[in-house]
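Here is what each chain is made of, one letter per residue.
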Amino acid sequence: MASHYFMMIVGVYATLGVFLMLAARNPAANSSLIWFTVVSSAVHAVIMAMQALAEPMQRGHLLGDVPALLTVAVVLGGLMIAQGRGRSV
């Protein structure tokens, strides 16, 4: 069962990654997709952190997945704000 979940997540994030690379060609025109990635990454990190704290067998996520998701959110959000696209949501 875990392998099915893993492949689903890989498929979703690989697809999102392709669309983000396409969006990077014209960030102003694709700001909704970029902001979706920022917000959904932050929400995913918070939920995963809460679950990891509640379940001792999941604590490893606090060292890998949670920081990675927060890094994506902070970097993309910071780039959007720095480029003046912070209000284009």
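Being a predicted model, the structure only gives us computed values, none of them experimental.

Basis of the calculations
- Residues numbered from 1 in each chain as written.
- Predicted model: local features only at pLDDT ≥ 70, side-chain atom pairs only at ≥ 80, totals over all residues.
- Heavy atoms only, no water.
- Helix = DSSP H or I, 4+ residues; strand = E, 2+ residues; numbered from the N terminus.
- Contact = heavy atoms within 4.5 Å.
- Areas by Shrake-Rupley, 256 points an atom, 1.4 Å probe, with all protein chains shown as cover.
- 1 Å grid on protein atoms, 1.4 Å probe; cavity = no way out; pocket = protein on both sides within 12 Å on 5 of 7 lines; lining within 4 Å.
- Points joined across faces, edges and corners; volume = space filled by probe spheres on them.
- Nonpolar A, V, L, I, M, F, W, Y, C, P; charged D, E, K, R; others polar.
- Core = buried A, V, L, I, M, F, W, Y, C linked by side-chain atoms within 4.5 Å.
- Buried < 20%, exposed > 50% of the residue type's maximum accessible area, 1.4 Å probe, protein only.
- Expected span 1.5 Å × (residues − 1).

Chemist: Mind showing me how you'd approach the overall build of the protein here?
Modeler: Tallying secondary structure elements over the protein gives three helices and zero strands in all. Shown N-terminal to C-terminal, the secondary structure of the protein runs as helices and strands in the order α-α-α. Along the first, second and third principal axes, the C-alpha set of the protein runs to 40 × 25 × 15 Å. Relative to all contacts within the protein whose residues are 6 or more apart in sequence, the contacts with residues 24 or more apart total 53%. Of the roughly 6,200 Å² that the protein leaves accessible, carbon and sulfur atoms contribute 73%.

Chemist: Explain the layout of surface pockets to me, please; I cannot follow it from the model alone.
Modeler: Unfilled space is identified by rolling a water-sized probe across the atoms. Estimates place the volume of the largest pocket at around 310 Å³. Forming the walls of the largest pocket are 15 residues, and the residues nearest its centre are I9, Y13, H44, M48 and D65. Secondary structure elements with two or more residues in the lining of the largest pocket: α1 (2–23), α2 (31–54) and α3 (65–82). The element best represented in the lining of the largest pocket is α1, accounting for six residues. Tallied by class, residues from the lining of the largest pocket come to ten nonpolar, four polar and one charged.

Chemist: Looking at this structure, how should I read the nonpolar core?
Modeler: A general tendency of soluble globular proteins is for nonpolar side chains to be buried together. With six residues, the main nonpolar core is built from A23, I34, W35, V38, A73 and M80. Mapped onto this core, the elements with two or more residues apiece are α2 and α3. Considering each element in turn, this core owes the most residues, three residues, to α2. Counting five residues, the second-largest nonpolar core is a separate cluster that includes A45, M48, V66 and L69.

Chemist: Teacher, can you tell me more about the environment of L70 here?
Modeler: Take L70: it is sitting in helix α3. The partly exposed category is assigned to L70, whose relative accessible area is 36%. Sequence separation of L70 and V46 is 24 residues, and the distance between their C-alpha atoms is 8.8 Å. The contacts of L70, once residues within four sequence positions are left out, are A42 and A45.

Chemist: What am I meant to see in α3 here?
Modeler: Since the α-helix packs 3.6 residues into each turn, any two residues three or four apart lie on the same face. Its 18 residues place the ends of α3 26 Å apart at the C-alpha level, agreeing with the 26 Å of an ideal helix rising 1.5 Å per residue. In the stretch just after α3, G84 is the one whose phi turns positive, near 80°.

Chemist: I keep staring at the environment of P56 and nothing clicks. Help me out?
Modeler: Relative to the helices and strands, P56 is located in the loop between α2 and α3. Its relative accessible area of 60% is what places P56 among the exposed residues.

Chemist: I tried to follow α2 on my own but got confused; where do I start?
Modeler: If you check α2, its first and last C-alpha atoms are 35 Å apart, about what 24 residues at 1.5 Å a residue would give, namely 34 Å. Listed as buried for α2 are S31, I34, W35, T37, V38, S41, A45, M48, A49 and A52.

Such coordinate-based values are descriptive only and should not be taken to indicate function.
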